[in-house]
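Given next are the chains, with one letter for each unit.
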Amino acid sequence: MKLRIGVAVATMLAAGNALAAGTTLNVGMASADAGKLDPHVATTTPDKGLLYWMFNGLVRIKPGEASPEFIEPDLAKSWTSSDDGLTWTFELRDDVECHGDYGKLDAEDVVFSLKRAMNPDISSFAKDYSAFESVEATGPSEVTIKLSENVPSLLGLLVPYHGGNIVCKDAVEALGETYQREPVGTGPFMFAEYQPQQYVKLVANPEYFRGEPKIKEIYYRYIPSDASRDLAFQAGEIDMIYGKQEQSWVKRISEVPGTKVVVMRPGEMSVLHLNMSAPPLDNILVRKAFAHAISRDAMVQFKGPDVTLAAISPVPEGHLGYTADVPTYDYDVDKAKELLAEAGYPDGVTIKAIHTTLPGMLTTMEAVQALLREANINMEIETVEHATFHEQIRKDMSQVVHYAAARFPVADVYLTQFFHSDSIVGTDTAITNFSHCAVADDEIVEARTETDQDKQLELWATAQKKIMEEVCAVPVVQSMQLWAWKDTLDLGVEVNGSLNLSPPVTEQASFSE
Amino acid sequence: MTAFILKRLGFAVVTLFAVLTIVFFIVRVLPGDPAMAILGDQASEAALSALRVRLGLDVPLYQQYFEFLGGVLVGDWGVSMVSGRPVIDEILKVLPATLELTIASLILGAVVGIPVGVWSAVRRNKLPDYVARIASLLGLSFPAFVSAVLLLMFFSIQLRWFPVISSSQGGGLGEHLRNLALPAINLGLIMAAYITRVARSAMLEVLNQDYVRTARAKGLAFAIIVRRHCLRNAMIPVVTVVGLYLGILIGNSVLTEIVFNRPGLGKLIVGALNQRDYTMLQGMMVIYTLIVVLVNLLTDLTYGLIDPRIKYS
């Protein structure tokens with residue numbers, strides 16, 4: 001009898017799952033809850049991933065790609081720029097509707113949106129737009145942007161990512177604070193419902209200018225436990241799952257029948273920043289010894305060859321401005337020991353590192369620790385919880401900072417944030433320069449405003465060479481973004497990457513059954 | 001009785017004030033920056049400073065403290081620094097889920113734990129006693145997240161009886177109970193293990209009392225002695241443990257909430273702590289303190305129901 005009840009329940013569940021497929025997409029995201037859902041404020045991967053399906057920019061990176069070389073029109077159907085690159089005029093589409101009853105999108109909305117992204121009192125990304133001198137509606141469907149100086153990728157600032165997401169003025173003004181919880185955009189999917197710690201529900205935007213999406217509902221479920229997320233996927237309760245950046249995860253989830261695993265760019269770059277402002281790492285011989293003691297091949301094997309790439313330059317491979325033509329330090333323990341002896345540390349050296357308890361990052365650091373030990377470099381790791389880690393590394397309390405980050409794929413972003421002297425931690429303009437590196441300031445600044453692209457690439461390459469010559473940091477690996485979904489789900493595009501780190505679920509996505 | 005309750009409520013106000021004061025200062029002493037949690041790690045120092053001003057973190061600590069206390073007194077718990085949503089709304093949205101899970105676990109724990117504990121005591125040093133003792137030891141020593149994953153693998157993946165995501169929306173009462181079943185079993189069995197041990201030892205003590213020996217000597221059936229004369233007297237330690245454990249359970253249900261993906265206070269407080277969401281943490285502490293105080297008061301009042309000799313003064 002009990003068995004029969006069990007079979008009946010299982011059959012009902014299976015039927016329910018089958019019915020749920022078709023037009024409802026269930027997504028499992030590794031997060032306990034939603035944060036702020038205002039695209040000009042949201043900074044976390046889970047929030048940005050969701051907003052990607054709800055908003056447009058003036059231009060966009062072709063769905064499925066992550067590099068600015070794939071930029072194509074989005075809300076703007078065309079654009080022109082002045083010869084000096086300081087004035088840009090965009091002609092908008094006239095068939096774009098804001099979600100809900102907020103009417104047609106026009107130039108006023110775009111101006112309002114970009115000014116909002118530039119406003120440091122509202123936007124988390126205002127600094128990115130500091131070169132914007134003015135944004136004006138020069139016609140009902142025309143927007144003109146004037147720059148005070150050239151920027152490395154103006155169009156890159158206008159894709160639906162961070163401040164480039166275009167919001168609807170009337171909605172923002174009408175909703176006030178509520179906008180942070182109930183965002184209104186122009187994208188293929190609209191906000192419908194939020195259940196705390198459970199899900200955000202999106203519904204198809206029937207007025208979407210590229211056509212009504214075939215998927216009618218998306219449940220973006222917050223499932224913080226990796227094990228539960230995997231089990232829910234295995235049980236068929238979710239169709240698309242955010243992966244764990246581990247080779248073992250890829251292997252395990254691939255074994256679930258009917259699963260497609262996707263490895264996407266941009267990679268999260270793991271870099272060891274060496275604090276050059278204090279002994280013993282103020283000595284370049286010690287830094288070189290440190291670099292020679294780390295085997296990138298071993299690290300790639302450790303993290304998984306299918307999900308990581310060896311990092312060569314401080315800028316990730318595939319980013320605009322990346323070069324592999326930089327000084328490299330081959331894995332050579334004897335050489336490392338020689339360099340240490342030459343630096344006055346024949347018996348080895350002890351270095352203190354503060355590190356987060358986040359498991360993915362900590363295992364990387366522990367593997368580095370084991371490699372360094374072979375070369376008589378004793379790295380003492382003090383683990384602290386994540387928020388404390390962020391505070392303490394910004395107070396110069398760690399001689400080695402292991403930092404993993406995915407950024408907008410233009411060399412300027414990495415070089416400025418991690419290696420320009422303005423970004424040195426502890427200063428008023430600090431961002432994330434933990435090494436106190438200041439050897440490539442001129443090249444970084446000059447490249448930022450250089451209009452000749454060849455020259456710009458050359459300057460970025462020089463900056464990378466200088467940083468590596470000084471061993472300000474040791475790039476280790478690049479961990480790719482991992483997702484999996486049912487093979488019955490067709491996103492309509494080949495997925496190689498996504499700037500917002502979530503797969504492109506657009507009007508083209510559909511289930512094949 | 002009324003005087004007793006009022007006195008206890010008076011103590012509760014003092015306790016609440018002390019807890020809030022301690023929490024207010026401790027969370028601010030901890031390293032970590034709510035501004036960075038909001039703006040992300042790419043934010044410049046200038047942007048972080050500007051946000052700290054907007055969040056009111058730039059004013060002297062004592063001023064922040066009095067503003068916070070003033071708010072609590074008039075029922076204004078502020079808004080979450082991270083999500084921007086009102087603290088009280090955030091808490092009230094997930095509180096029912098936590099209470100539901102706690103009560104379901106309590107019922108399950110009592111229904112299983114009390115009879116097994118009594119049975120184990122009555123059959124002392126016999127096979128049922130050994131089985132109950134080993135089972136309760138396993139229940140106590142098994143980490144909640146491990147048992148949760150095992151339950152999911154068996155009942156949700158193999159048998160497909162229950163969903164993995166317990167917070168599934170929609171459905172009627174049946175669906176709701178199906179969502180609740182596994183998390184409640186997971187926590188309830190741990191509670192049952194506690195109750196079994198306490199009920200067993202309390203029962204053993206009562207069984208050795210003179211009045212029990214007298215009852216047996218006069219020829220009363222053993223089952224009647226246990227039911228009429230022993231059970232009630234053995235329940236006071238059980239109620240004490242349940243009361244204490246209930247407070248702990250509400251706080252410790254976080255692992256169960258995470259693995260079964262249920263909303264709840266545990267997940268809320270962990271998120272707030274990770275992100276240094278001061279206002280949310282303060283609001284959570286008010287709720288936790290109130291719950292613990294209330295549970296303790298109910299525990300004390302239950303003593304009088306079990307043993308009429310207990311007087312409240």
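Residues numbered from 1 in each chain as written. Chains lettered and ligands numbered in written order. Predicted model: local features only at pLDDT ≥ 70, side-chain atom pairs only at ≥ 80, totals over all residues. Heavy atoms only, no water.

## Concerning the overall build of chain B
1) Next: Assigned secondary structure in chain B consists of 13 helices and zero strands.
2) Next: Moving toward the C terminus, one meets the helices and strands of chain B in the order α-α-α-α-α-α-α-α-α-α-α-α-α.
3) Next: Expressed along its principal axes, the backbone C-alpha trace of chain B runs to roughly 85 × 55 × 35 Å.
4) Next: When burial is assessed residue by residue, chain B has 48% of its 313 residues classed as buried.
5) Next: Across chain B, contacts joining residues at least 24 apart in sequence account for 73% of those joining residues at least 6 apart. (Helix = DSSP H or I, 4+ residues; strand = E, 2+ residues; numbered from the N terminus. Buried < 20%, exposed > 50% of the residue type's maximum accessible area, 1.4 Å probe, protein only. Contact = heavy atoms within 4.5 Å.)

## Digging into the packing of aromatic side chains
1) Next: Applying the stated criterion across every chain yields a total of 22 aromatic pairs over all chains.
2) Next: Cluster of aromatic residues (ring-pair linked, three or more members): A:Tyr403, A:Tyr414, A:Phe418, A:Phe419 and A:Phe434.
3) Next: The ring of B:Phe24 is capped by B:Arg28, whose NZ or CZ atom sits 3.8 Å from the centre of that ring. (Phe/Tyr/Trp six-rings, centres within 6.5 Å; stacked < 30°, edge-to-face > 60°. Lys NZ or Arg CZ within 6 Å of the ring centre and 35° of its normal.)

## Focus on the packing of helix H12 (residues 411-419) of chain A against helix H13 (residues 441-449) of chain A
Residues and elements named next belong to chain A.
1) Next: Running from amino to carboxyl end, H12 crosses H13 at an angle of 140 degrees, the nearest separation of the two axes being 10 Å. Relative to H13, H12 is oriented oblique. With respect to the hand of their crossing, H12 and H13 are arranged in left-handed fashion. Here H12 contributes Asp412, Leu415, Thr416 and Phe419 to the contact with H13, which in turn contributes Asp441, Ile444 and Arg448.
2) Next: For the contact of H12 with H13, the class distribution of residues is three nonpolar, one polar and three charged. (Axes fitted to C-alpha atoms, helices over the stretch in contact; angles between N-to-C directions. Parallel < 35°, antiparallel > 145°, perpendicular 65-115°, else oblique. Left-handed = near helix turned anticlockwise from the far one by under 90°. Nonpolar A, V, L, I, M, F, W, Y, C, P; charged D, E, K, R; others polar.)

## Remarks on the side chain of A:Ser113
1) Next: Position of A:Ser113 among the secondary structure elements: in helix H3 (residues 107-118).
2) Next: Residue contacts for A:Ser113: discarding those within four places in its chain leaves A:His40, A:Asn165, A:Ile166 and A:Val167.

## Quick word on the interface of chain A and chain B
Reports often express the size of an interface as the amount of accessible area lost when the parts come together.
1) Next: Between chain A and chain B, the contact holds 52 residues from the first and 49 residues from the second.
2) Next: Buried area between chain A and chain B, both sides added, is near 4100 Å², and the carbon and sulfur share of it is 53%.
3) Next: The interface formed by chain A and chain B holds two salt bridges in total.
4) Next: Across the pair A:Glu385 and B:Arg276 runs a salt bridge, and its minimum N-O distance is 2.3 Å.
5) Next: Viewed at the interface, chain B and chain A are joined by 13 residue pairs in polar contact (both at pLDDT 80 or more).
6) Next: Secondary structure elements with two or more residues in the side of chain A that touches chain B: helix H1 (2-20), strand E10 (217-222), helix H5 (226-234) and helix H11 (386-393) of chain A.
7) Next: Per-class residue counts for the side of chain A that touches chain B are 23 nonpolar, 17 polar and 12 charged. (Buried area = accessible area lost by both parts, 1.4 Å probe. Salt bridge = Lys/Arg side-chain N within 4 Å of Asp/Glu carboxyl O. Polar contact = N/O pair within 3.5 Å; in protein donor to acceptor, adjacent residues only side chain to side chain.)

## A few points about unusual backbone geometry
Glycine aside, residues mostly have negative phi angles, and peptide bonds mostly take the trans form.
All names here are of chain A.
1) Next: Cis geometry marks the peptide bond from Arg265 to Pro266; its omega dihedral reads 0 degrees.
2) Next: Here Pro266 lies in strand E12 (residues 259-274).
3) Next: Cis peptide bonds are those with omega within 30 degrees of zero, and the linkage from Pro279 to Pro280 qualifies with 0 degrees.
4) Next: You can see Pro280 is positioned in the loop between E12 and helix H7 (284-292).

## Looking at the pairing of strand E8 (residues 189-195) of chain A
1) Next: Where E8(A) meets strand E9 (residues 199-204) of chain A, six bridges bridge the pair, whose relative direction is antiparallel. Its bridge partner being in E9(A), A:Gln195 is matched across the sheet by A:Tyr199. (Pairing = 2+ DSSP bridges.)

## Points about the state of the cysteines
Throughout this description, disulfide means a covalent bond between two cysteine sulfur atoms.
Residue and element names in this part refer to chain A.
1) Next: One pass over the full model with this rule turns up two disulfides over all chains.
2) Next: Here Cys437 pairs with Cys472 through a disulfide, and the sulfurs are 2.1 Å apart. What sets the handedness of the Cys437 and Cys472 disulfide is the S-S torsion sign, and at about 50 degrees it is right-handed. Of this pair, Cys437 sits in the loop between H12 and H13 while Cys472 sits in the loop between helix H14 (453-470) and strand E17 (473-486); the two residues are 35 residues apart in sequence, bridging distant segments of the chain. Across the pair, Cys472 and Cys437 agree in class, each one buried.
3) Next: In chain A, numbering the disulfide-bonded cysteines from first to last in sequence yields the connectivity 1-2, 3-4. (Disulfide = S-S within 2.5 Å.)

## Describing the sheet that holds strand E6 (residues 132-139) of chain A
Residues and elements named next belong to chain A.
1) Next: Pairing is antiparallel in the open sheet, where four strands are placed in the order E4-E5-E7-E6. The sheet terminates laterally at strand E4 (76-81) and E6, the two strands that pair on one side only. Ignoring which end each strand starts from, the neighbouring axes of this sheet average 20 degrees apart.
2) Next: Both strand E5 (residues 87-92) and strand E7 (residues 142-147) contribute to a ladder of five bridges, which runs antiparallel. Pairing of Phe90 across the sheet is with Val143, part of E7.
3) Next: Strands in contact with H3 are E5, E6 and E7; relative to E6, the strand with the most contacts, it is inclined by about 170 degrees.

## Some remarks on the environment of B:Ile88
1) Next: By the secondary structure assignment, B:Ile88 is in helix H5 (residues 87-122).
2) Next: Owing to a relative accessible area of 27%, B:Ile88 belongs among the partly exposed residues under this scheme.

## As for the confidence of the model for chain A
1) Next: The predicted model of chain A averages 92 in pLDDT, with 96% of residues at 70 or higher.
2) Next: Across residues 1-21 of chain A, confidence stays below pLDDT 50; counting only partners more than four residues off in sequence or on other chains, it has 13 contacts. (pLDDT = per-residue confidence, 0-100.)

## Comments concerning H5(B)
1) Next: The first and last C-alpha atoms of H5(B) sit 50 Å apart over 36 residues, in line with the 52 Å expected at 1.5 Å per residue.
2) Next: The largest bend in H5(B) amounts to roughly 35 degrees and is located at B:Val94, with the proline B:Pro96 lying one to four residues further along. (Expected span 1.5 Å × (residues − 1). Bend = angle between axes of the 7 residues up to and from the residue.)

## Topic: the pairing of E6(A)
Residue and element names in this part refer to chain A.
1) Next: Sheet topology note: the E6/E7 ladder contains six bridges and is antiparallel. In the strand pairing of E7, Ala137 is matched with Val143.
2) Next: Counting the residues that bridge the hairpin from E6 to E7 gives two residues.

## Things to note about the confidence of the model for chain B
1) Next: On average, residues of chain B carry a pLDDT of 86, and 97% of them reach 70 or more.
2) Next: Interface confidence for the predicted complex, given as ipTM, is 0.80, next to a pTM of 0.85.

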